[in-house]
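Spelled out, the chains give:
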Amino acid sequence: LINVALYIKLNFILKFSKNMEFKELGKTKEKVAVIGQGTWRMGGGFEKDESRDEDEVKALRRGIELEMTFIDTAEIYGSGHAEEIVGKAIKGLRDKVFIATKVSSEHLRYDDVIKAAEGSLRRLNISTIDLYQIHWPNPRIPIKETMSAMEHLIKKGKIRYVGVSNFSVKEMKEAIEALSVTELVSNQVRYSLLARDIENDILPFCQKERITVIAYSPLAKGAIASSIYFNLLNKLAKKYDKTPAQIALNWLIEKDCVIAIPKASRIEHVEENAKAVGWRMSKEDYNLLSSI
Ligand code: NAP
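Keep in mind that this is a model prediction, so the values were computed, not measured.

Enquirer: Even after reading the chapter, I still don't get the packing of helix α5 (residues 143-155) against helix α6 (residues 169-178), so can you show me in this structure?
Expert: Two packed helices can be described by the angle between their axes and the distance between those axes. Following both chains from N to C, one finds α5 and α6 inclined at 50 degrees, their axes separated by 9 Å at the closest point. On the basis of the axis angle, α5 is oblique to α6. Here the hand of the crossing between α5 and α6 comes out right-handed. Side by side, α5 and α6 meet where Ile143, Lys144 and Met147 of the first sit next to Glu174, Ala175 and Ala178 of the second. Taken together, the residues that form the contact of α5 with α6 break down as four nonpolar, no polar and two charged.

What follows is the structure, encoded as structure tokens:
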């Protein structure tokens, strides 16, 4: 009987124990979870698909329970349906989560930005977007025009912070220049052990300017563990009693100014990702991973 009670207690502790780490978003003083939740392919790809709604809402809610409270979505995901799924998952939990969404690159004209934000707010069923990001740059539309719409949205209380995604250093500099009443807080870019090019310029620039790098596809879309890192990730996983995915995520969030947003529809993946924080590897092991 004592063993059974201990077993139940241990499982209870494991289920509800939290160890999320938080980092400042840009220079805002706002703290965000270093492991967030991505939503690309929730609610469909480019088309709406409602067949897995229930599981996806459950996965996001489990992630929130484990303090992966930074949720990233976009108007384009599932043709808006990913935002609806996020809206369902955060119902009754608005004060616990930080909601980031994105305006598509074809909606960067002033009126289109305002309209797109209204659509996202409606689908998310919230009154303010915490972080509104330009999904991709659009060289045909002046960044000044887009940013003035962003600042209008801030004044109206519809969004809190402005971010960009897939911007080069040059494009970030133009975005910074185009803002007058607020600062650029983040750049969401592909970054993982398998995609390291941002280390040449974007990462050092963001670290210097205190702009948060939101690492997307941090698990290389699930392929990280079977990549060229297979042997090393498994070796380190064994050494630190972690999984290869946790090692790969921890390698990212150990860096100044970097947070990661893995997407997980499976509860076991959500729980695994939440435990990628609260510990560190030795300097030698980070360097070893970085050197490949
Ligand atoms: P990802 O997070 O690197 O990989 C997602 C895939 O990995 C899913 O198939 C997921 O499976 C699997 N997975 C999750 N946790 C795992 C674990 N612990 N072990 C093994 N497999 C695991 O790729 P992503 O979805 O491309 O990127 C993450 C988020 O970044 C997106 O969802 C989106 O929000 C954002 N993003 C932004 C852009 C942009 O242009 N700004 C581009 C791409 C992505 P299950 O779902 O079955 O659990």
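Let's pick the thread back up.
Enquirer: Would you take a moment to explain the packing of aromatic side chains for this structure?
Expert: Here the distance between the centres and the angle between the planes together describe a pair of aromatic rings. One pass over the structure, following the stated rule, counts five aromatic pairs. Note on Phe98 and Tyr161: the rings are 6.4 Å apart at their centroids and 15 degrees apart in plane angle, and the pair reads as stacked. In this pair, Phe98 is assigned in strand β4 (residues 98-103) and Tyr161 in strand β6 (residues 159-165), connecting sequence segments 63 residues apart. In terms of burial, Phe98 and Tyr161 fall into one category: buried. Taking 5.8 Å as the distance between ring centres and 55 degrees as the angle between the ring planes, the aromatic pair formed by Tyr191 and Trp251 counts as tilted.

Enquirer: What is the right way to look at the pairing of strand β5 (residues 129-134) in this model?
Expert: Along any regular strand the residues' side chains alternate between the sheet's two faces. The element β5 is largely enclosed, with a buried count of six among its six residues. Tracing the backbone out of β4, into helix α4 (residues 110-124) and back to the parallel element β5 gives a crossover that is right-handed. Alignment of β5 against β6, held across five bridges, turns out to be parallel. Bridge pairing in β6 links Ile134 to Val164. The parallel pair β5 and β6 is bridged by α5, and the resulting crossover is right-handed.

Enquirer: I'm lost on the sheet that holds β6 in this one. Help?
Expert: Remark on secondary structure: sheet strands pair via backbone hydrogen bonds, oriented parallel or antiparallel. Read from one edge of the open sheet, seven strands run β3-β4-β5-β6-β7-β8-β9, paired in parallel fashion. Either end of the sheet is taken by a strand with one partner, and the two such strands are β3 (70-72) and β9 (258-260). Within this sheet the neighbouring strands show an average axis-to-axis angle of 30 degrees, counted without direction. When strand β7 (residues 184-190) meets strand β8 (residues 212-216), the two strands line up parallel, connected through five bridges. Directly across from Ser186, in β8, lies its bridge partner Thr212. Against the sheet, α5 makes contact with β4, β5, β6 and β7, and its axis sits at roughly 155 degrees relative to β6, the strand it touches most.

The rules we used
- Residues numbered from 1 in each chain as written.
- Predicted model: local features only at pLDDT ≥ 70, side-chain atom pairs only at ≥ 80, totals over all residues.
- Heavy atoms only, no water.
- Axes fitted to C-alpha atoms, helices over the stretch in contact; angles between N-to-C directions.
- Helix = DSSP H or I, 4+ residues; strand = E, 2+ residues; numbered from the N terminus.
- Parallel < 35°, antiparallel > 145°, perpendicular 65-115°, else oblique.
- Left-handed = near helix turned anticlockwise from the far one by under 90°.
- Contact = heavy atoms within 4.5 Å.
- Nonpolar A, V, L, I, M, F, W, Y, C, P; charged D, E, K, R; others polar.
- Phe/Tyr/Trp six-rings, centres within 6.5 Å; stacked < 30°, edge-to-face > 60°.
- Buried < 20%, exposed > 50% of the residue type's maximum accessible area, 1.4 Å probe, protein only.
- Right-handed = clockwise from strand over helix to strand, strands pointing away.
- Pairing = 2+ DSSP bridges.

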